[in-house]
Amino acid sequence: MDDLLSGLDCPLPKTETLAEGAVLLRRFAAHEADGLVAALPPIAAAASFRHMVTPGGHAMSVAMTNCGAAGWVSDRKGYRYARQDPQSGRPWPAMPAVWRSLAVRAAAAAGFEGFDSNSCLINRYAAKARMGLHQDKDEGEFDAPIVSVSLGLPAVFLFGGRRRRERPRRIRLESGDVVVWGGPARLNYHGVASVAAGNHPLTGDCRINLTFRHAAL
């Protein structure tokens, strides 16, 4: 009986299919969230968070930085991946092993074995920050999935179809939730609704999102 009850304290992550090729893994990263957040300050010290500018000249409400072999950047020249941080001219910080391990395991749990992320975009959402509907298509190749990890304040994730005009689903994400999409859903539009003000014991007054990708370099 003790053996049967021992597993009740650690329930298996709840899996929800959002579309063909897209899976929500509820609380998949919850048990290791402290370690994930603890790995962030050295990255932010080497490559500070910044509000990137779109090609149209608008500053994004979400603060961003990167780690890995390349980082996603945006400025008046366009969207692209760069091996060096344009602010410092130095390579982006290395991806923490604990982050890479989580990305590999989450991708496998969603049916994408052998995921090899070489880039992690780190988004910091303060109150009222949002991310409009968009496709992740600057990677240059689309065989690998996207792995998105939520930490801290909750948010409403918008997940649509292959066309912008398709009405997206609204999915509440809590700290530790992981969304993985690839295959037929790899280029689906997605975004994040305006984040409500709050305070979380893990991240304070913000939400941290880790987005793991594989970019063609």
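Residues numbered from 1 in each chain as written. Predicted model: local features only at pLDDT ≥ 70, side-chain atom pairs only at ≥ 80, totals over all residues. Heavy atoms only, no water.

Q: What is the right way to look at the sheet that holds strand β10 (residues 169-173) in this model?
A: The pairing of strands in a sheet happens through backbone hydrogen bonds and is either parallel or antiparallel. As summarised here, the arrangement of the four strands in space is β7-β12-β9-β10, forming an open sheet in which the pairing is antiparallel. Strand pairing shows two members of the sheet lacking a second neighbour, β7 (131-134) and β10, which therefore form its edges. Going across the sheet, the axis of each strand differs from the next one's by a mean of 20°, ignoring polarity. Direction of pairing for β7 relative to strand β12 (residues 190-192): antiparallel, over a ladder of two bridges. (Pairing = 2+ DSSP bridges. Helix = DSSP H or I, 4+ residues; strand = E, 2+ residues; numbered from the N terminus. Axes fitted to C-alpha atoms, helices over the stretch in contact; angles between N-to-C directions.)

Q: What is the right way to look at the sheet that holds strand β6 (residues 119-125) in this model?
A: Taken in spatial order, the seven strands make up an open sheet running β1-β2-β11-β8-β13-β6-β3, and their pairing is antiparallel. Only two strands of the sheet have a single partner each, and these edge strands are β1 (14-19) and β3 (63-68). Sheet twist, expressed as the mean angle between neighbouring strand axes with direction ignored, is 20°. In terms of strand pairing, β3 meets β6 through six bridges, oriented antiparallel. Across the sheet, residue T65 finds its bridge partner in β6, namely I122. With respect to the sheet, helix α4 (residues 97-109) is in contact with β2 (22-26), β3, β6, β8 (146-152), β11 (178-181) and β13 (207-213), its orientation differing from that of β8 by roughly 120°. (Contact = heavy atoms within 4.5 Å.)

Q: I keep staring at the confidence of the model for the chain and nothing clicks. Help me out?
A: Residues shown with low pLDDT carry predicted positions that ought not to be read at fine detail. Put simply, the chain has an average pLDDT of 94, and 94% of its residues get 70 or more. This model gives residues 1-9 a pLDDT under 50, and the stretch forms zero contacts once residues within four places in sequence are excluded. (pLDDT = per-residue confidence, 0-100.)

Q: Any chance you could explain the nonpolar core here in plain terms?
A: W99, I122, V147, V149, V178, L210 and F212 are the most contacted members of the largest nonpolar core, which totals 34 residues. Residue contributions to this core peak at five residues, all from α4. I122 has contacts with L40, I43, F49, A63, M64, T65, N66, C67, W99, I208, N209 and L210, leaving out every residue within four places of it along the chain. (Core = buried A, V, L, I, M, F, W, Y, C linked by side-chain atoms within 4.5 Å. Buried < 20%, exposed > 50% of the residue type's maximum accessible area, 1.4 Å probe, protein only.)

Q: Would you mind showing me how to read the pattern of salt bridges here?
A: Think of it this way: side chains of opposite charge can pair up when their charged atoms draw near. Tallied over the full model, the rule gives eleven salt bridges. Between D177 and R26 there is a salt bridge, with its nearest N and O atoms 2.7 Å apart. Of this pair, D177 sits in the loop between β10 and β11 while R26 is found in strand β2, placing the two residues 151 residues apart along the sequence. Overall, R26 belongs to the partly exposed group, its relative accessible area being 22%. E139 serves as the salt-bridge partner of R213, at 3.7 Å between the closest nitrogen and oxygen. You can see R213 sitting in strand β13 and its partner E139 sitting in the loop between β7 and β8, a full 74 residues away along the chain. (Salt bridge = Lys/Arg side-chain N within 4 Å of Asp/Glu carboxyl O.)

Q: It is not clear to me how the packing of aromatic side chains should be interpreted in this structure. Could you clarify?
A: The description of two aromatic rings rests on the distance between their centres and on the angle between their planes. Within the structure shown, the criterion is met by four aromatic pairs. What links up through ring pairs into an aromatic cluster is the set F157, F159 and W181. In this structure, R207 is placed above the aromatic ring of Y125, and the distance from its NZ or CZ to the ring centre is 5.0 Å. (Phe/Tyr/Trp six-rings, centres within 6.5 Å; stacked < 30°, edge-to-face > 60°. Lys NZ or Arg CZ within 6 Å of the ring centre and 35° of its normal.)

Q: Just to check I follow, could you spell out α4 for this structure?
A: Over its 13 residues, α4 extends 18 Å from the first C-alpha to the last, a length consistent with the 18 Å expected when each residue adds 1.5 Å. For α4, the set of buried residues is W99, L102, A103, A106 and A107. Buried residues of α4, seen end-on, are gathered within an arc of 125° and therefore sit on one face of the element. (Expected span 1.5 Å × (residues − 1). Arc of directions from axis to C-beta.)

Q: Looking at this structure, how should I read the side chain of T203?
A: Mapped onto the secondary structure, T203 falls in the loop between β12 and β13. Setting aside its immediate chain neighbours within four residues, T203 contacts V37, L151, G152, L153 and I208.

Q: Honestly, the pairing of β1 in this entry has me stumped. Any pointers?
A: A regular strand places its side chains on the two faces of the sheet in alternate fashion. Pairing between β1 and β2: five bridges, direction antiparallel. From the neighbouring strand, T15 faces β2, where its bridge partner is L25.

Q: I tried to follow unusual backbone geometry on my own but got confused; where do I start?
A: The general pattern is negative phi for most residues beyond glycine and trans for most peptide bonds. One non-glycine residue, R27, lies in positive phi territory at about 60°. Among the secondary structure elements, R27 is positioned in the loop between β2 and α2 (33-38). Even without being a glycine, K128 presents a positive backbone phi close to 75°. Within the secondary structure, K128 sits in the loop between β6 and β7. For K128, a relative accessible area of 69% translates into the label exposed.

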